[in-house]
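Breakdown of the fold
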Amino acid sequence: MTLTLQYAVDALNVGGLYAMMALGIGLIFGIMRLINFAHGELVMVGGYAMLLLVQLPGPLVLALSLIVVIVLALGMERLAFRPLREAAPSTLLVASFALSYFLQNFFVLVFGARPVPFAFASELSTNFEIGHIRIVLLQVVSMTLTILALVGLTALLKRTSIGVQLRAASQDFRAAKLCGVRANSVIAFAFAISGSLAWIVSLIYSAQIGQLSPAMGVRPVVIGFVATILGGLGSLVGAVLGGFLVGALSVTLEATLSLQLRPFKEAVLFALVFLVLLLRPQGLIAVRALKERV
Amino acid sequence: MRPTSAIELDRASNGQLEARGVSVRFEGILALDTVDLTLRPGEILGLIGPNGAGKTTLINVITGFQVPDQGRITLDGEDITGLQPFRISRRRLARTFQAVRLFRDLTVLENAELAGVGVGLSRASARERAWEILELLELADLATQRAAELPYGDERRVGIARALTTLPRYLLLDEPAAGMNEKEAAALSRTVRTILQKFSCGIMVIEHNMMLIMELCDRIQVLEHGRAIALGNPAEIARDPAVRRAYLGAEGAIAGKPPILAIDNLAVSYGAVAALRGVSIHVNEGELVSVVGPNGAGKSTLMHAISGTVRPDAGEITFAGQSISTLPTETRVRKGIALVPEGRGVFPALTVAENLLIGAVTRLGNQAAVRIATERVLDFFPILRERQGQPAGRLSGGEQQQLAIARALLSEPRILLLDEPSLGLAVRIIDEVYLILEQLNRDGVSVLVVEQSVMRAFAAAQRTYVLRNGLVELEGRPHDLVSSERFEAAYFGFARQQSPSL
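Just so we're clear, the structure is a prediction, and the values are computed from it rather than from any experiment.

Moving on, we come to the overall build of chain A. Per the secondary structure count, chain A includes twelve helices and four strands. In chain A, which comprises 294 residues, the proportion classed as buried is 47%. Within chain A, residue pairs in contact and separated by at least 24 positions form 76% of the contacts whose partners lie at least 6 positions apart.

This paragraph deals with the overall build of chain B. Helix and strand content of chain B: 19 helices and 20 strands. The 502 residues of chain B split such that 52% are buried. Of all intrachain contacts in chain B linking residues separated by at least 6 positions in sequence, the fraction that spans at least 24 positions is 69%.

All names here are of chain B. Relative to strand S10 (residues 227-232), strand S9 (residues 219-224) runs antiparallel, the two sharing five bridges. Note on S10: the bridge partner recorded for Gln221 is Leu231. Linking two consecutive strands that pair antiparallel, namely S9 and S10, is a turn of two residues; a positive phi of about 45° is found at His225 within it.

Before going further, it helps to examine the sheet that holds strand S14 (residues 314-319) of chain B. All names here are of chain B. Strand order across the open sheet formed by four strands is S12-S11-S14-S15, with antiparallel pairing between neighbours. With partners counted over all chains shown, the strands left at the sheet margins are strand S12 (273-283) and strand S15 (322-323), one partner each. Here S14 pairs with S15 via two bridges, running antiparallel. Looking at S15, one finds that Thr318 is bridged to Ser323.

Now for the nonpolar core. Met21, Val69, Ala190 and Val201 of chain A together with Val205 and Leu417 of chain B are the most contacted members of the largest nonpolar core, which has 234 residues in total. Residue contributions to this core peak at 16 residues, all from helix H1 (residues 2-32) of chain A. Taken domain by domain, this core gets at least three of its residues from each of domain 1 (17-102 + 167-248) and domain 2 (261-492) of chain B.

Taken together, the contacts link 18 residues of chain A with 23 residues of chain B. If you list the elements that add at least two residues to the side of chain A that touches chain B, you get helix H6 (161-171) and helix H7 (173-178) of chain A. Looking at the side of chain A that touches chain B element by element, the count peaks at six residues for H6 of chain A. Among the residues making up the side of chain A that touches chain B, the classes are represented as eight nonpolar, four polar and six charged.

Our next topic: the environment of Gln388 of chain B. Residues and elements named next belong to chain B. With respect to the secondary-structure elements, Gln388 resides in the loop between helix H14 (382-386) and helix H15 (397-409). Between the alpha carbons of Gln388 and Glu354 there is a distance of 8.3 Å; along the sequence they are 34 residues apart. The residues contacting Gln388, other than those within four sequence positions of it, are Thr351, Val352 and Ala353.

Once that is clear, we can look at the pairing of strand S7 (residues 170-174) of chain B. Residue and element names in this part refer to chain B. Here S7 lies mainly inside the structure; five of its five residues are buried. Side chains Tyr170, Leu172 and Asp174 of S7 all project onto a buried face; the interleaved residues Leu171 and Leu173 project onto the opposite face, where all are buried too. Direction of pairing for strand S6 (residues 93-95) relative to S7: parallel, over a ladder of three bridges. From the neighbouring strand, Ala94 faces S7, where its bridge partner is Leu171. Note: S7 against strand S8 (residues 202-206), five bridges, orientation parallel. Counted as the bridge partner of Tyr170 is Gly202 from S8.

What follows concerns helix H2 (residues 39-53) of chain A. Residues and elements named next belong to chain A. Here H2 is 15 residues long and its end C-alpha atoms lie 21 Å apart, about the 21 Å a rise of 1.5 Å per residue gives. Counting buried positions over the 15 residues of H2 gives twelve, a clear majority of the element. Buried within H2 we find His39, Gly40, Glu41, Leu42, Val43, Met44, Val45, Gly46, Gly47, Tyr48, Ala49 and Met50.

All names here are of chain B. Taking strand neighbours across the sheet as the criterion, the six strands line up as S6-S7-S8-S3-S9-S10 in an open arrangement whose pairing is mixed. In this open sheet, the two edge strands, each paired with only one partner strand, are S6 and S10. Looking at each pair of strands side by side, their axes are set apart by 15° on average, direction ignored. Against the sheet, helix H1 (residues 55-62) touches strand S3 (44-48), S6, S7, S8 and S9, its axis set at about 150° to S7. Sitting on the sheet, helix H6 (residues 182-199) is in contact with S3, S7 and S8, with an inclination near 160° to S8.

All names here are of chain B. Mapping Gln197 onto the fold places it in helix H6. According to the C-beta neighbour criterion, Gln197 is exposed, with 10 such atoms within 10 Å. Considering only alpha carbons, one finds Gln197 and Glu43, 154 residues apart in sequence, at a separation of 10.0 Å.

On to the confidence of the model for chain B. All names here are of chain B. Looking at chain B, the pLDDT average stands at 82 and 89% of residues meet or exceed 70. Overall, residues 250-256 carries pLDDT values under 50, and its contacts beyond four positions in sequence, including any with other chains, amount to 14 contacts. Interface confidence in the predicted complex, given as ipTM, is 0.74; pTM for the same model is 0.61.

This brings us to unusual backbone geometry. Residue and element names in this part refer to chain B. With a phi close to 50°, Asp76 is a non-glycine residue in the positive phi region. Its location among the elements puts Asp76 in the loop between strand S4 (70-75) and strand S5 (78-79). For Leu167, which is not glycine, the phi torsion reads 50° and is therefore positive.

In this section: the packing of helix H3 (residues 58-81) of chain A against helix H8 (residues 183-209) of chain A. A packed helix pair is summarised by two numbers, namely the angle formed by the two axes and the spacing between the axes. Residue and element names in this part refer to chain A. As a packed pair, H3 and H8 sit with axes 8 Å apart at the nearest point and diverge in direction by 140°. Regarding the angle of H3 to H8, the classification is oblique. For the crossing formed where H3 meets H8, the hand is right-handed. Contacts from Ser65, Leu66, Val69, Ile70, Leu72, Ala73, Leu74, Met76 and Glu77 in H3 reach Ile187, Ala188, Phe191, Ala192, Ser194, Gly195, Ser196, Ala198 and Trp199 in H8.

So, about the packing of H2 of chain A against helix H9 (residues 218-231) of chain A. Residues and elements named next belong to chain A. Between H2 and H9, whose axes approach to 8 Å, the crossing angle comes to 140°. One element, H2, and the other, H9, form an angle in the oblique class. Judged by the twist between their axes, the crossing of H2 over H9 is right-handed. Together, His39, Gly40 and Val43 of H2 and Val218, Pro220 and Val221 of H9 make up the contact between the two elements. Considering only residue class, the contact of H2 with H9 consists of four nonpolar, two polar and no charged.

Attention now moves to the environment of Asp10 of chain A. Along the chain, Asp10 of chain A falls in helix H1. It is 8.4 Å that separates the C-alpha atoms of Asp10 of chain A and Gly247 of chain A, two residues lying 237 residues apart in sequence.

Turning to helix H10 (residues 299-307) of chain B, a few remarks are in order. Where burial is concerned, most of H10 of chain B is hidden: eight out of the nine residues are buried. For H10 of chain B, the complete set of buried residues consists of Lys299, Thr301, Leu302, Met303, His304, Ala305, Ile306 and Ser307 of chain B.

Model confidence for chain A is summarised by a mean pLDDT of 86, while 95% of its residues fall at 70 or above. The low-confidence segment residues 289-294 of chain A (pLDDT under 50) makes four contacts with residues lying over four places distant or belonging to another chain.

How each quantity is defined
- Residues numbered from 1 in each chain as written.
- Chains lettered and ligands numbered in written order.
- Predicted model: local features only at pLDDT ≥ 70, side-chain atom pairs only at ≥ 80, totals over all residues.
- Helix = DSSP H or I, 4+ residues; strand = E, 2+ residues; numbered from the N terminus.
- Buried ≥ 20, exposed ≤ 12 C-beta atoms within 10 Å, placed from the backbone.
- Contact = placed C-beta atoms within 7 Å.
- Pairing = 2+ DSSP bridges.
- Core = buried A, V, L, I, M, F, W, Y, C linked by C-beta atoms within 7 Å.
- Domains from an automatic or database assignment.
- Nonpolar A, V, L, I, M, F, W, Y, C, P; charged D, E, K, R; others polar.
- Expected span 1.5 Å × (residues − 1).
- Axes fitted to C-alpha atoms, helices over the stretch in contact; angles between N-to-C directions.
- pLDDT = per-residue confidence, 0-100.
- Parallel < 35°, antiparallel > 145°, perpendicular 65-115°, else oblique.
- Left-handed = near helix turned anticlockwise from the far one by under 90°.

Set out below in structure tokens:
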């Protein structure tokens, strides 16, 4: 019983992280048909920004590193993706790869390829127990952050005009433009949110693994991407669901696979994803506008 | 004195090209009704008229491609009625075609020289002459290019060069500026003047580009429904009330109030496939205009080009007197063009209220106005008021169509475009939708509706265009069109020009 509960807590934790990655990727995909592989580098840059700013008071570190990531996200859109907006989705995809490699290698050049040990607020790794469940403080914090982020994002998308415009645009960008929705502002807004989500991931993720490296964004982006596909490309609710599903699968496999098989955990995970997509190729939540276009 | 040139001409030309009492009948419809026309060397004559007026038929009669049922064509006094086209072109009467019809695999030079060979020149002298004409038209740089590789504007000019190689005394240009942008049209205008200067020939131009016609021509003749209704200099034609009625619909005018929406020579292609090939239509303020045509005629492309979701290759779109061709979609919406797209384009996962909010996004600054406008729209569509909290995807087709129209109205459009509003709806619902459109139109909104289902679009509209294969085949008042056999021919594309046996 306690063990199951423990797994559930873990699954929520891991899933929340993946959900935020998936949401950051899915948000951009929904309106631009761009799978932004450089999203992982937003996570990475967030980590390094905290490292550089760590001498400052805590809240200032958080605020400034958030700004750095948002500015980078907006800059990506302005410099790399806006000139290609009319281009084919594959062109955008390649551009995002180029951007991703450029940023990684730029950071290799500046900081070296070796991982730098770093954990913002290392006191977060203290443990405590409630009943018989061992809980790391970090998990509580990350879970709270995840919940706050999802609730905040939901409110933003439901209650504000720009949020409703963003949802409309992600369902059918052309129809949104036909209603007079300004493409530039909605896309910029989406990148800003996507950057904020990446920043939260970088906060939690760097604390979890306790180190930074230029390639640290690659794994989360791949898993986030898988979660987006699993949930249904273009659907925001789907992205969140997909994130939690991948998280749950991953924790379940961790718990159930025998010791010899555990190194192949991800292979099994992706095989399961394959299976789901074979049965339901459109993902968990199908997006109507996508069918017309693809 | 210039040295003798291959295109040196006998300038002492007195005669004229004359058509007298020409009538052509296609299956009971008079395509041309006792039309007279005179073209003198050294002048530029414009031949204009709404689509389907009989302009191309007249050119076809003059050049021998169509034998008239009545009437005579004389060339410098000689009767050429019913002669084979090649015999007519050897009498130095040349024409270009609406579609350029270059030999795609030949070079520009070869294309030009072939026409000379066609009228009996030796290869060498034809080539010499072709060179000279290409130089004259500033096409010499392109001489060795394959015709298939030419940009559109150059292609049209090579077509003219080819016609010139026959050293025409009379040159007939059938929509030479179709599909050209403003710059290309201006270049064309210069070219035509150069030709006039060098050849002193009589030039007749069929064109929908009124600017070009008004600027270029010495005299203009107007055809409507196969009859010549006016002849005069550009100023006289611009003032002529009969021309206004015929050409621009009841309220518009050449020099008077411009139409709210004017599309001029619009060409759109998807890769190698041309969807629109020089379409000109207009909507006057307060008018309800329909565009009908079979599947694949280019109707949706037209709508998307107007709202800016498709980039045209050529042509000009003017809204309320301003060119909007280069503006992004959302700016066009903000200027007052709202499109209800095919398939309605509601946001299925958003609630009805949220869909309406998006519709009002152009007026976010003014919350009070948005509230009032939303209330008014909800009064107009009571069913939407009941469903405000529901996701739009759960509405029935008819309700979604109402939502799409309501949403479009919230941007306070000056013109409402609808792409196949009756698609997928039950007959009763279609009636309702059209009642709404007519009511909106009475309230002063200009409406342009595109439909495959003809009768519905006819009943509501004050004017109709028939679009087929990317071209406007017919234009007119719906009740005139519906009784015309030409309409079916234009819509379905069969039983068209029945050419009498030669």
